[in-house]
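# Summary of structural features
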Amino acid sequence: MKNHLKVLRAENNWTQAELANQLRVSRQTVNALETGKFDPSLKLAFQIARLFRLGIEEVFQDEKP
């Protein structure tokens, strides 16, 4: 699943550790999300979207057409 997490994090001048702290996950989880090695649970995806005040589809996109 593609996402804009790295860009959104950079726009807020947050480190991976700072974002992880806000989401209550590990920095490694944030890194795995940003690099596409891990797809978030639905709960975490909504939590991320709310944090950035965006719709979930504005943060995450399915890679399939």
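In short, a report on the structure.

Cut-off values and rules
- Residues numbered from 1 in each chain as written.
- Predicted model: local features only at pLDDT ≥ 70, side-chain atom pairs only at ≥ 80, totals over all residues.
- Heavy atoms only, no water.
- Helix = DSSP H or I, 4+ residues; strand = E, 2+ residues; numbered from the N terminus.
- Rg over C-alpha atoms; globule rule 2.2 N^0.38 Å.
- Buried < 20%, exposed > 50% of the residue type's maximum accessible area, 1.4 Å probe, protein only.
- Polar contact = N/O pair within 3.5 Å; in protein donor to acceptor, adjacent residues only side chain to side chain.
- Salt bridge = Lys/Arg side-chain N within 4 Å of Asp/Glu carboxyl O.
- Axes fitted to C-alpha atoms, helices over the stretch in contact; angles between N-to-C directions.
- Parallel < 35°, antiparallel > 145°, perpendicular 65-115°, else oblique.
- Contact = heavy atoms within 4.5 Å.
- Nonpolar A, V, L, I, M, F, W, Y, C, P; charged D, E, K, R; others polar.

Looking now at the overall build of the protein. When helices and strands are tallied, the protein shows five helices and two strands. Element order for the protein, N to C, with α for helix and β for strand: β-α-α-α-α-α-β. On C-alpha atoms alone, the protein measures out to a radius of gyration of 11 Å, which is about the 11 Å that the 2.2 N^0.38 rule sets for 65 residues. Projected onto its principal axes, the C-alpha positions of the protein cover 35 × 25 × 20 Å. For the protein, buried positions account for 32% of its 65 residues.

Let us look at the environment of threonine 35. Mapped onto the fold, threonine 35 is located in the loop between helix H3 (27-34) and helix H4 (42-51). As a C-alpha pair, threonine 35 and leucine 5 span 30 residues in sequence and 9.3 Å in three-dimensional space. Separated by 3.0 Å, the side chain of threonine 35 and the backbone oxygen of asparagine 31 make a polar contact.

Turning our attention to the pattern of salt bridges. One pass over the structure, following the stated rule, counts one salt bridge. Two residues, arginine 9 and glutamate 34, come together in a salt bridge whose shortest N-O distance is 2.5 Å. In this pair, arginine 9 is assigned in helix H1 (residues 5-11) and glutamate 34 in helix H3, connecting sequence segments 25 residues apart.

Attention now goes to the packing of helix H2 (residues 16-23) against H3. Viewed as axis vectors pointing N to C, H2 and H3 meet at an angle of 105 degrees, and their least axial separation amounts to 8 Å. By the criterion of interaxial angle, the relationship of H2 to H3 is roughly perpendicular. Contacts between H2 and H3 pair Gln16, Ala17, Leu19 and Ala20 from the former with Arg27, Val30, Asn31 and Glu34 from the latter. Residues belonging to the contact of H2 with H3 are distributed by class as follows: four nonpolar, two polar and two charged.

Most of the time, phi is negative for any residue but glycine, and the peptide bond is trans. Unlike most non-glycine residues, arginine 24 shows phi in positive territory, near 60 degrees. Relative to the assigned elements, arginine 24 resides in the loop between H2 and H3. Located in the positive-phi region is arginine 53, a residue other than glycine, with phi close to 55 degrees. Judged by its relative accessible area of 78%, arginine 53 falls in the exposed class.

These figures come from the coordinates and say nothing about function on their own.
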